[in-house]
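Spelled out from the first residue to the last, the chains are:
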Amino acid sequence: MDKAAQGIATQLTTIRDYIRWAASRFNEAGLFFGHGTATATDEAAMLVLHAIHQPNDLPAGYFNCVLDLSERAAILALVARRINERKPASYVTQQAWFAGLPFYVDERVLVPRSPFAELIEQRFEPWLADPDAVTDVLDLCTGSGCIAIATAFAFPDAKIDAVDISPDALAVARINVDRHDLADRVNLLQSDLYGALADKKYDLIVSNPPYVSQAEWAELPPEYHAEPRIGLESGESGLDCVNGILARAKAHLKPGGLLIVEVGNSAEALEAAYPQLPFCWIEFERGGDGVFVLSYDQL
């Protein structure tokens, strides 16, 4: 540690001290939060607890525990990286949580943060009439594999095809599939959407594809520009990828099947582009929007 860090480490002693101090530094630096945490305090707590190898739900009674010097040094190093690099905290820790499950992440994939987690935990009810009947699921633009893997746990009798155009993203997804011991049920495929799927059909197609317009991407904070552009930006309107998904969705759904896609802020543009489609927009209890449901018959 340099002299400044040594001074901080001498003055601050407890977990609570470091969470408060880190949150103040994050606010001072003008960091942006939107990759799994909503506030400087939440992000500070995540980094501090990761540095000392404690769970995110550590009981508050432990926050007054005094840290040893090595733990203080580890916290200071993570806080400095978060401020200096302007990367999402999950890239600093190489860990993210989604639907109650841990995932390895790095700059090859987006940080998991989709409201899809709530849908998966509810097994897509009430939109799925019979979740126990689901045997085949397709996850388009799988990235880290978080949606595919969480869906595999929610539907233990189902096989999941997880598709991505990026070999780098699939390498990260492979790490996560192996970590969760799901190689026999989650099949990773490099493909431009449906290209490698032949005529296979599914009970459920889900996707959190790139849906940010070129203009919107240019104005995003640095934390988003640390993520792979291919996972965020999708043409002038933000709909290039979604257009491809809609064009062939019915051909890959079983009768009675569902298509569920997140389009975020591009929802209004999507409705304007497809006035004939009766998009059903899901309301979430834990926040998030821009996710639609369409049935086989509606497509």
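Each remark here, short or long, concerns the structure printed above.
Summarised in this report is the structure supplied together with it.

Cut-offs applied
- Residues numbered from 1 in each chain as written.
- Predicted model: local features only at pLDDT ≥ 70, side-chain atom pairs only at ≥ 80, totals over all residues.
- Heavy atoms only, no water.
- Helix = DSSP H or I, 4+ residues; strand = E, 2+ residues; numbered from the N terminus.
- Rg over C-alpha atoms; globule rule 2.2 N^0.38 Å.
- Buried < 20%, exposed > 50% of the residue type's maximum accessible area, 1.4 Å probe, protein only.
- Contact = heavy atoms within 4.5 Å.
- Areas by Shrake-Rupley, 256 points an atom, 1.4 Å probe, with all protein chains shown as cover.
- Lys, Arg positive; Asp, Glu negative; His and termini not counted.
- Charge placed at Lys NZ, Arg CZ, Asp CG, Glu CD.
- Polar contact = N/O pair within 3.5 Å; in protein donor to acceptor, adjacent residues only side chain to side chain.
- Expected span 1.5 Å × (residues − 1).
- Axes fitted to C-alpha atoms, helices over the stretch in contact; angles between N-to-C directions.
- Parallel < 35°, antiparallel > 145°, perpendicular 65-115°, else oblique.
- Left-handed = near helix turned anticlockwise from the far one by under 90°.
- Nonpolar A, V, L, I, M, F, W, Y, C, P; charged D, E, K, R; others polar.
- Pairing = 2+ DSSP bridges.
- Phe/Tyr/Trp six-rings, centres within 6.5 Å; stacked < 30°, edge-to-face > 60°.
- Lys NZ or Arg CZ within 6 Å of the ring centre and 35° of its normal.

### Describing the overall build of the chain
Next, step 1: Each helix and strand in the chain was counted, giving 12 helices and nine strands.
Next, step 2: For 299 residues, the compact-globule estimate of 2.2 N^0.38 gives 19 Å, and the chain sits close to it at 21 Å.
Next, step 3: Viewed in the frame of its principal axes, the chain has a C-alpha envelope of about 65 × 40 × 35 Å.
Next, step 4: Within the chain, the proportion of its 299 residues that are buried is 52%.
Next, step 5: Nonlocal contacts in the chain, meaning residues at least 24 apart in sequence, comprise 68% of its contacts between residues at least 6 apart.
Next, step 6: For the chain, the exposed area adds up to about 13600 Å²; of that, 50% sits on carbon and sulfur atoms.
Next, step 7: Separation between the mean location of the 23 positive side-chain charges and that of the 42 negative ones in the chain comes to 6 Å.

### Details of the side chain of Asp-106
Next, step 1: Within the secondary structure, Asp-106 is located in the loop between β2 (101-103) and α6 (116-121).
Next, step 2: Classification of Asp-106 by relative accessible area gives buried; the value is 7%.
Next, step 3: A polar side-chain atom of Asp-106 sits 2.7 Å from a polar atom in the side chain of Arg-108.

### Details of helix α2 (residues 15-29)
Given 3.6 residues to a turn, an α-helix orients residues that are three or four positions apart in the same direction.
Next, step 1: A rise of 1.5 Å per residue sets the reference length of α2, with its 15 residues, at 21 Å; its end C-alpha atoms lie 21 Å apart and thus fit the reference within 8%.
Next, step 2: Considered for burial, the residues of α2 that qualify are Ile-15, Tyr-18, Ile-19, Trp-21, Ala-22, Ala-23 and Phe-26.
Next, step 3: Against α1 (3-11), α3 (40-51) and α4 (69-85) lie the buried residues of α2.

### Looking at the packing of α3 against α4
Next, step 1: Remark: α3 packs on α4, axes separated minimally by 8 Å, with the N-to-C direction vectors making an angle of 135°. With respect to each other, α3 and α4 are oriented oblique. Along this stretch, α3 crosses α4, giving a crossing that reads as right-handed. Contacts between α3 and α4 involve Glu-43, Leu-47, Val-48, His-50 and Ala-51 from the former and Ala-74, Ile-75, Leu-78 and Arg-82 from the latter.
Next, step 2: Residue composition of the contact of α3 with α4, by class: six nonpolar, one polar and two charged.

### Side note on the sheet that holds strand β4 (residues 159-164)
Next, step 1: Pairing is mixed in the open sheet, where seven strands are placed in the order β5-β4-β3-β6-β7-β9-β8. Among the strands making up the open sheet, the edge pair consists of β5 (186-190) and β8 (280-281).
Next, step 2: Of the pairings in the sheet, the one linking strand β3 (residues 136-140) to β4 comprises five bridges and is parallel in character. Bridge pairing in β4 places Asp-136 opposite Lys-159.
Next, step 3: On the sheet, helix α7 (residues 146-154) packs against β3, β4, β5 and β6 (202-207) and is oriented at approximately 175° with respect to β4.
Next, step 4: Running at roughly 170° to β5, helix α8 (residues 167-179) makes contact with β4 and β5 of the sheet.

### Focus: the packing of aromatic side chains
Next, step 1: This model, assessed by the stated rule, comprises eight aromatic pairs.
Next, step 2: An angle of 65° between the planes, with centres 6.4 Å apart, marks the rings of Phe-116 and Phe-124 as edge-to-face. Of the two residues examined, Phe-116 and Phe-124, each falls in the buried class.
Next, step 3: Among the aromatic residues, ring-to-ring pairing joins Phe-116, Phe-124 and Phe-155 into one connected group.
Next, step 4: Above the ring of Trp-217, the side-chain terminus of Arg-229 is found at 3.9 Å from the ring centroid.
Next, step 5: Over the ring of Tyr-296 we find Lys-250; its NZ or CZ atom is 4.8 Å from the centre of that ring.

As far as function goes, none of this settles anything; it's purely spatial.
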